[in-house]
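Structural overview
Single-letter residue listing:
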Amino acid sequence: MRALVVDDSRAMRRIVGRILTDAGFEVQEAGHGQEALDLLTEHDTPPDLACIDWNMPVMDGLEFVTEVRSRPEWRSITLMMVTTESEQSRIVRALAAGAHEYLIKPFTADALQEKLDLLGLVPLTAGDLA
Amino acid sequence: MTVETPDQALVRAAMEQVWESMLYAVAEPWAPGDHPDFRNGLQAQIALTGEWNGELRLTLDGTVAAEIAGAMLGADEDEELPELDVHDAVGEVLNVVGGSVKGALGGATALGLPGVTPVTVAPDHDDCVVVAWRGSPVYVQVVPAAG
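Analysis parameters
- Residues numbered from 1 in each chain as written.
- Chains lettered and ligands numbered in written order.
- Predicted model: local features only at pLDDT ≥ 70, side-chain atom pairs only at ≥ 80, totals over all residues.
- Heavy atoms only, no water.
- Helix = DSSP H or I, 4+ residues; strand = E, 2+ residues; numbered from the N terminus.
- Rg over C-alpha atoms; globule rule 2.2 N^0.38 Å.
- Buried < 20%, exposed > 50% of the residue type's maximum accessible area, 1.4 Å probe, protein only.
- Contact = heavy atoms within 4.5 Å.
- Areas by Shrake-Rupley, 256 points an atom, 1.4 Å probe, with all protein chains shown as cover.
- Lys, Arg positive; Asp, Glu negative; His and termini not counted.
- Charge placed at Lys NZ, Arg CZ, Asp CG, Glu CD.
- Buried area = accessible area lost by both parts, 1.4 Å probe.
- Salt bridge = Lys/Arg side-chain N within 4 Å of Asp/Glu carboxyl O.
- Polar contact = N/O pair within 3.5 Å; in protein donor to acceptor, adjacent residues only side chain to side chain.
- Nonpolar A, V, L, I, M, F, W, Y, C, P; charged D, E, K, R; others polar.
- Pairing = 2+ DSSP bridges.
- Axes fitted to C-alpha atoms, helices over the stretch in contact; angles between N-to-C directions.

Overview of the overall build of chain A
A count of helical and extended segments in chain A gives six helices and five strands. When its helices and strands are written in sequence order, chain A yields β-α-β-α-β-α-β-α-β-α-α. Radius of gyration (C-alpha) of chain A: 14 Å, near the 14 Å computed for a compact globule of 130 residues. Dimensions of chain A, computed from the C-alpha atoms along their principal axes, are close to 45 × 30 × 25 Å. In chain A, which comprises 130 residues, the share counted as buried stands at 52%. Contacts spanning at least 24 positions in sequence make up 62% of the contacts within chain A whose residues lie at least 6 apart. Total accessible area computed for chain A in this model is approximately 5,900 Å², and 49% of it derives from carbon and sulfur atoms. Here chain A contributes 12 positively and 22 negatively charged side chains, and the mean placements of these two sets differ by 2 Å.

Here it is, written out as structure tokens:
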């Protein structure tokens, strides 16, 4: 399975990316929403998951979610907001725009893994294929 | 709705969460000792605007900043990180602390994007939450907007 981590902080991309890699994902990174859209456009096959920060320069997370949801060829992507924005109104806006899950920073690796389990995003391991 | 200035307990709780989840460390209170002179220090700022206006300001020694960045990026102990990565990591620490503080404040308050510079204003020790990173102090100060 493939994941795209969209966050303007390289450090946060690495933290999220490490957890996803440990969970069995191949991970790509983008520094803001527009860079993420460009990456999606370049690839024929969309990723299975995108983890998206809210507050980013150039294009924020909510705009990115809205853009992705407007494109039928990207409907298969599971969208998870990973953000410091914790108000109920923000969560409702993100889910209404098409996000599937919402994880508030700071979070533990276990919390992210629980979200993946809830979403049914469990990559196959070599052991599963044996 | 009137929103009170965030108190130190709130900031400390936010820092403890960040230390645990992002740095895999315990945020012990700093045992007061010699205060660094911050000649090699970094300062991150992030604005909160809306029903409460002001900023959070994080100050730490440059070596401590590099160690924290290394912990976040999973770098080797002796790996020298680019300044950009160190600034990014310090800014993200304050961003997440700021997000927790903003969430606890209630009311309509917006969080800006973090900025990181060399130290321009030495922290006022009495007004700061100070936690230790490997024995060295990391200061966070709540600075209400003037006026």
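Further notes follow.
Concerning the interface of chain A and chain B
Many authors give the size of an interface as the accessible area that is lost as the parts come together. Each partner contributes to the interface: chain A provides 18 residues, whereas chain B provides 22 residues. A per-residue breakdown of the area chain A buries against chain B is headed by Arg10(A), Thr84(A) and Pro106(A), which together make up 29% of the total. Between chain A and chain B we count four salt bridges in total. At the boundary of chain A and chain B, one finds ten residue pairs in polar contact (both at pLDDT 80 or more). Within the side of chain A that touches chain B, the residues separate by chemical class into six nonpolar, five polar and seven charged.

Let's talk about the sheet that holds strand S4 (residues 78–83) of chain A
All names here are of chain A. The five strands are arranged S2-S1-S3-S4-S5 in an open sheet whose pairing can be described as parallel. Two strands close off the open sheet at either side, each with one partner strand: strand S2 (26–30) and strand S5 (101–104). Averaged over all pairs of adjacent strands, the angle between their axes in this sheet comes to 20 degrees, without regard to strand direction. Examined bridge by bridge, S4 and S5 share four bridges and lie parallel to one another. Residue pairing in the sheet places Val-82 in a bridge with Leu-103 of S5.

Observations concerning the side chain of Ser9(A)
Among the secondary structure elements, Ser9(A) is positioned in the loop between strand S1 (2–6) and helix H1 (10–22). When its relative accessible area of 2% is taken as the criterion, Ser9(A) is described as buried. Polar contacts involving the side chain of Ser9(A) include one to the side chain of Asp88(B), which spans 3.2 Å. What Ser9(A) contacts, discounting residues up to four positions off in sequence, is Asp88(B) and Glu92(B).

What about the pattern of salt bridges?
What the rule picks out here adds up to twelve salt bridges over all chains. Where Lys105(A) meets Asp53(A), a salt bridge forms, and the shortest distance between an N and an O atom there is 3.4 Å. Separated by 52 residues along the polypeptide, Lys105(A) in the loop between S5 and helix H5 (109–118) and Asp53(A) in the loop between strand S3 (49–52) and helix H3 (61–69) bring together distant segments of the chain. Taking the relative accessible area as the measure of exposure, Asp53(A) reaches 3% and is therefore buried. Put simply, Glu67(B) and Arg134(B) hold a salt bridge, and the shortest N to O gap is 3.8 Å.

Describing unusual backbone geometry
For the bond from Lys105(A) to Pro106(A), the omega torsion is 0 degrees, close enough to zero to count as cis. Along the chain, Pro106(A) turns up in the loop between S5 and H5. Phi angles above zero are rare outside glycine, and Arg134(B) is one such case at about 50 degrees. Residue position: Arg134(B) is located in the loop between strand S5 (128–133) and strand S6 (136–144). We classify Arg134(B) as exposed; its relative accessible area is 52%.

What to know about the pairing of S6(B)
Residues and elements named next belong to chain B. With seven of nine residues buried, S6 lies mostly within the body of the structure. In the sheet, strand S2 (residues 54–61) pairs with S6 via seven bridges, with the strands oriented antiparallel. The partner of Leu-56 across the bridge, within S6, is Val-142. Across six bridges, S5 lies against S6 in antiparallel orientation. Bridge assignment links Trp-133 to a residue of S6, and that residue is Ser-136. Here S5 folds back onto S6, and the loop between the two strands holds two residues, one of which, Arg-134, carries a positive phi near 50 degrees.

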